[in-house]
Amino acid sequence: MRKKLIAGNWKMNKTPTEAAALIGEIINQTSGATCDVAVCVPYIDIPAARDALKGGAIWLGAENCHHKESGAYTGEISTGMLKSVGVNTVIIGHSERRQYFAETDETVNLKTKAAIAAGLIPIICVGETLAQREAGYTDALVSYQTKIAYAGISEKDALNTVVAYEPVWAIGTGKTATDEEANETIGVIREALRCIYPGAAEDIRILYGGSMNEKNAAGLLAQPEIDGGLIGGASLAAEKFAAIVKAASL
Ligand code: 13P
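Overview of the structure.

Conventions and cut-offs
Residues numbered from 1 in each chain as written. Predicted model: local features only at pLDDT ≥ 70, side-chain atom pairs only at ≥ 80, totals over all residues. Heavy atoms only, no water. Near = heavy atom within 4 Å. Polar contact = N/O pair within 3.5 Å; in protein donor to acceptor, adjacent residues only side chain to side chain. Areas by Shrake-Rupley, 256 points an atom, 1.4 Å probe, with all protein chains shown as cover. Nonpolar A, V, L, I, M, F, W, Y, C, P; charged D, E, K, R; others polar. Buried < 20%, exposed > 50% of the residue type's maximum accessible area, 1.4 Å probe, protein only. Helix = DSSP H or I, 4+ residues; strand = E, 2+ residues; numbered from the N terminus. Pairing = 2+ DSSP bridges. Right-handed = clockwise from strand over helix to strand, strands pointing away. Axes fitted to C-alpha atoms, helices over the stretch in contact; angles between N-to-C directions. Left-handed = near helix turned anticlockwise from the far one by under 90°. Contact = heavy atoms within 4.5 Å.

Time to look at the site of the ligand. For the ligand, the full set of nearby residues is Asn9, Lys11, His94, Glu166, Ala170, Ile171, Gly172, Gly210, Ser211, Leu230, Gly232 and Gly233. One of the side-chain nitrogen or oxygen atoms of Glu166 is found 2.9 Å away from an oxygen atom of the ligand. Gly232 is positioned with one of its backbone polar atoms (N or O) 2.9 Å from an oxygen atom of the ligand. In isolation the ligand offers 310 Å² of accessible surface; the protein chains occlude 95% of this area. Here the shell around the ligand is built from residues that sort into three nonpolar, seven polar and two charged.

In structure tokens:
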């Protein structure tokens with residue numbers, strides 16, 4: 001049985017003061033959770049978020065990292081730096097990073113390795129654009145993205161990773177993959193993992209992300225392949241995020 005994980009991706013939202021307030025509300029409203037819960041926050045919010053989380057069960061996450069340990073990479077943050085301030089998970093290769101910041105399947109692989117080396121749980125994002133889906137490339141593309149992301153990573157390390165299937169056309173658009181579409185493509189991703197890790201693929205969590213909200217979460221989370229959610233917009237309102245956590249705790 002894979003334990004469900006609900007992770008908020010705050011993107012470029014909230015000041016440290018606002019972050020502390022939102023986390024306080026999230027803690028209050030998710031006290032009965034039986035799933036894992038994470039908040040992935042902007043770098044600048046991390047110390048305030050860590051203090052607000054008070055060492056409780058909710059994971060503290062970052063939204064990105066650099067793959068080198070240190071050096072002349074102006075504006076970047078290493079996985080060791082994240083670890084040193086209490087972060088335990090990091091989103092890697094989000095489609096917005098791929099689209100606006102030139103990240104590639106190869107940089108996703110390097111960052112995944114760096115996260116593992118620092119003892120962080122990478123949440124590796126894969127997913128197709130609308131044009132790719134309409135052209136019939138979804139299955140081939142998500143399989144390829146998955147296999148490159150995990151190149152050179154051992155089965156033991158892969159067990160401490162999470163994949164997030166985020167169809168680009170569903171992100172921030174209010175359009176969601178149907179429960180069945182999301183389940184089917186996540187099944188394809190699991191099949192790709194099975195090719196690399198026959199002994200671990202059944203234990204690696206694969207989340208769905210893309211306009212998941214308090215209304216559609218229960219249907220998506222009831223699908224057998226969907227092990228949780230990576231939530232954008234709805235993670236910025238405690239009551240919506242808590243409702244999704246509740247749906248994952250049934
Ligand atoms: P939305 O939930 O706002 O569509 O964002 C999804 C996402 O990108 C999570 O990483």
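The discussion continues.
Before going further, it helps to spend a moment on the pairing of strand β8 (residues 228-231). When a strand is regular, its side chains alternate between the sheet's two faces. The alternating pattern of β8 places Gly228 and Leu230 on one face and Gly229 and Ile231 on the opposite face, and all of these are buried. Note: strand β1 (residues 5-9) against β8, four bridges, orientation parallel. Looking at β8, one finds that Ala7 is bridged to Leu230. As judged from the two bridges shared by strand β7 (residues 205-209) and β8, these two strands associate in the parallel manner. Looking at the pairing, Gly209 lines up with Leu230 of β8.

To continue, consider the pairing of β7. Counting buried positions over the five residues of β7 gives five, a clear majority of the element. By the bridge criterion, four bridges tie strand β6 (residues 162-165) to β7 in an arrangement that is parallel. Looking across to β7, one finds that Val163 is bridged to Ile206. After leaving β6, the chain enters helix α9 (residues 179-196) and then returns to the sheet as β7, a path that is right-handed.

On to the packing of helix α1 (residues 16-29) against helix α11 (residues 238-248), then. Taken N-terminus to C-terminus, the directions of α1 and α11 make an angle of 35°; their axes are 9 Å apart at the nearest point. Pair α1 / α11 crosses with right-handed handedness. Taking contact as the criterion, the partners of Leu22, Glu25, Ile26 and Gln29 in α1 are, on α11, Ala238, Glu239, Phe241 and Ala242. Grouping the amino acids of the contact of α1 with α11 by side-chain chemistry returns five nonpolar, one polar and two charged.

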